[in-house]
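# Residue-level structure breakdown
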Amino acid sequence: MRSTGFRRTFVALSVCSLALAASACGSGDDSASGKTRITVNCEPPKSAKVDRGFFEQDIAAFEKKNADIDVVAHDAFPCQDPKTFDAKLAGGQMEDVFYTYFTDVKHVVDTGQAADLTSYVKELKSYDTIQQQLRDIYTVDGKIYGIPRTGYSMGLIYNKQLFQKAGLDPEKPPATWEEVRADAKKIAALGNGTVGYADYSAQNQGGWHFTAELYSQGGDVVSSDGKKATIDTPEGHAVLQNLHDMRWTDNSMGSKQLLVINDVQQLMGSGKLGMYLSAPDNIPILVKEKGGNYNDLAIAPMPGGKGTLIGGDGYMFNKKDTPAQIRAGLKWLDHMFLTPSKGFLGDYARAKKNNAPVGLPEPRLFTGAADAKDQEAKKANANVPVENYQFFLDGNHSLQLKIEPPNAQQIYSVLDGAVSAVLTKKDADIDQLLKDASGKIDNILARS
């Protein structure tokens, strides 16, 4: 599942339309002009004026520095639409350098649509500075097929003001699910439509959060060999039982269910929600789009203390790319995203000047000296209350970082049913829900 924010303030990105001819996506060298031409996606749409402007500025600067390369950016909404991604992939219509979620990698490789970058990555200046666990995500059977660009990890966003009103200490966020339940009950007791804890339960988002909550308790969705479901366990039972009890025994989750991300963000931004699970990139959305206040919003590590779900994105290369296009694409990635304190994601001074949030606790992409330089620039330009995120940063060090399961979207669809059942049916049979979901997941894994 994707994280919920694009860069600093925008939610989604771009794809080349299926209506375009294949030649419009994968381009080929432009021999007539003597330039290497590459198509790329994930340009922010025109509606995101600040991000769009930054993206265009950075491409122009890259082309000025590399006069022999022509970059053609495609935009649409979103960056990678699950409804069109597979069709583009199967039709050979991907851009020369195309955006992927971490969970896409093996699928793209299995379809034979990805270029092998193994012999080229030595030309990517930043490659050795990127976190090894992120590089490994784009490595399949010892070969490198992509370059990570960003990462995220889940935590618990909470409203400090509501904590205070409920007699809770906002400097002591809940560290266990028992504490989440107790705090949610006190917050809901404030009345006037206040919800203590909210969760998603539709559009595959319920399954996504079930997975995150299962990881937090030390469980897993799929066995290590990827062949069997592992949700019908004490940990899986605890996830559903906790949601059921908060909903029906404590009445701390509100009566409206089958919520999706926008519903929950609206509740939090309006000051009517105490807590929900999210990545840090939700925070600027809550402020810019939902009416929230940076000073009221804090984030803590995942309750449970055992693990957290991580995700993110990166770029892969079309199998039709020429060596010149691969080299040009790697140069472009270095310039746009992978140079500490510079480029589209790292120019913190530019972001601050344009009132974009700087200082959110995104997981670190780099290591060593590159990381130190990036963090120094971020700290120098921070314009959000970074002290509200320190619990999250400190707590993540002790958590196991786990990526999403294989066939994630299909599995999330199955788990949606279990989550929605316990939130909408007081007499839901948790044991049967887990048994049924396990069988369906086993069938998905058997077909993959």
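Refer to the structure printed above.
These figures come from a predicted structure and were not determined experimentally.

## As for helix H3 (residues 82-90)
- For H3, every residue scored as buried is listed here: Thr 84, Phe 85, Lys 88 and Leu 89. All buried residues of H3 lie within an arc of 135 degrees about the axis, which places them on one face of the element. Residues of H3 that are exposed and angled more than 90 degrees away from the buried face: Lys 83 and Ala 90.
- Residues of H3 that are buried make contact with strand E3 (97-101) and helix H4 (105-110).
- Count one or two residues on from H3 and you reach Gly 92, which has phi positive near 65 degrees.

## Points about a positive patch on the surface
- Taken together, Lys 65, Lys 125, Lys 331, Lys 342 and Lys 373 make up a surface patch of like positive charges.
- Assessed through its relative accessible area of 43%, Lys 331 is described here as partly exposed.

## Concerning the pairing of strand E10 (residues 297-301)
- Most of E10 sits inside the fold, with five of its five residues counted as buried.
- Two elements, strand E7 (residues 155-159) and E10, share five bridges in a ladder whose sense is antiparallel. Bridged to Asn 159 within E10 is Leu 297.

## Digging into the pattern of salt bridges
- All told, the structure shown has 17 salt bridges when counted by the stated rule.
- Across the salt bridge formed by Arg 149 and Asp 313, the nearest N and O atoms sit 3.0 Å from each other. Taken as a pair, Arg 149 in strand E6 (residues 146-153) and Asp 313 in strand E11 (residues 307-317) lie far apart in primary sequence, 164 residues in all.
- A residue is classified by how much of its surface remains accessible, and Arg 149, at 4% relative accessible area, is buried.
- Under the relative-accessibility criterion, Asp 313 is labelled buried at 6%.
- Of the charged contacts, one joins Glu 171 and Lys 160 as a salt bridge, the two residues approaching to 3.4 Å between their closest N and O atoms. Taken as a pair, Glu 171 in the loop between helix H6 (160-165) and helix H7 (177-188) and Lys 160 in helix H6 lie far apart in primary sequence, 11 residues in all.
- When salt bridges that share partners are traced, they join Glu 43, Arg 52, Glu 56 and Asp 75 into one network.

## Comments concerning the side chain of Asp 199
- Within the secondary structure layout, Asp 199 lies in the loop between strand E8 (195-197) and helix H8 (205-216).
- No salt bridge is formed by the buried Asp 199; the nearest opposite charge belongs to Arg 247, separated by 12 Å.
- For Asp 199, the side chain forms a polar contact with the side chain of Tyr 197, separated by 3.4 Å.
- For Asp 199, the side chain forms a polar contact with the side chain of His 209, separated by 2.7 Å.
- Residues within four places of Asp 199 in sequence aside, it is in contact with His 209, Glu 213, Leu 243, Met 253 and Leu 259.

Criteria and thresholds
By convention here, each chain's residues receive numbers from 1 onward along its written sequence. Where local features are concerned, this predicted model is filtered to residues with pLDDT of at least 70; where side-chain atom pairs are given and counted, the filter is 80 or more; whole-chain, interface and lining totals use all residues. To get the side-chain values, take all heavy atoms of the structure and skip hydrogens and water. Burial classes follow relative accessibility: with a 1.4 Å probe on protein chains only, a residue under 20% of its type's maximum area counts as buried, one over 50% as exposed, and anything between as partly exposed. Numbering of helices and strands runs from the N terminus; a helix is a DSSP stretch of H or I covering at least four residues, while a strand is a stretch of E covering at least two. The arc in question is the one traced by the directions running from the helix axis out to the C-beta atoms. Whether two residues are in contact is decided by their heavy atoms: any pair within 4.5 Å suffices. Two joining distances apply to patches: 9 Å for like charges and 5 Å for nonpolar side chains (Val, Leu, Ile, Met, Phe, Trp, Tyr), and every residue must have over 30% relative accessible area and no salt bridge. Only the protein chains shown count as cover for residues, with accessible areas throughout obtained via the Shrake-Rupley method and a probe of 1.4 Å. Within this document, salt bridges are pairs made up of a side-chain nitrogen of Lys or Arg and a carboxyl oxygen of Asp or Glu, the two lying within 4 Å of each other. Residues scored as charged are limited to Lys and Arg (positive) and Asp and Glu (negative), so that His and the chain ends carry no count. Lys charges are placed at NZ, Arg charges at CZ, Asp charges at CG and Glu charges at CD. DSSP bridges decide pairing: two strands pair if at least two such bridges lie between them. By the criterion applied in these results, polar contacts are pairs of N or O atoms within 3.5 Å in which, for protein atoms, one can donate a hydrogen and the other can accept it, and in which residues neighboring in sequence qualify only through two side-chain atoms.

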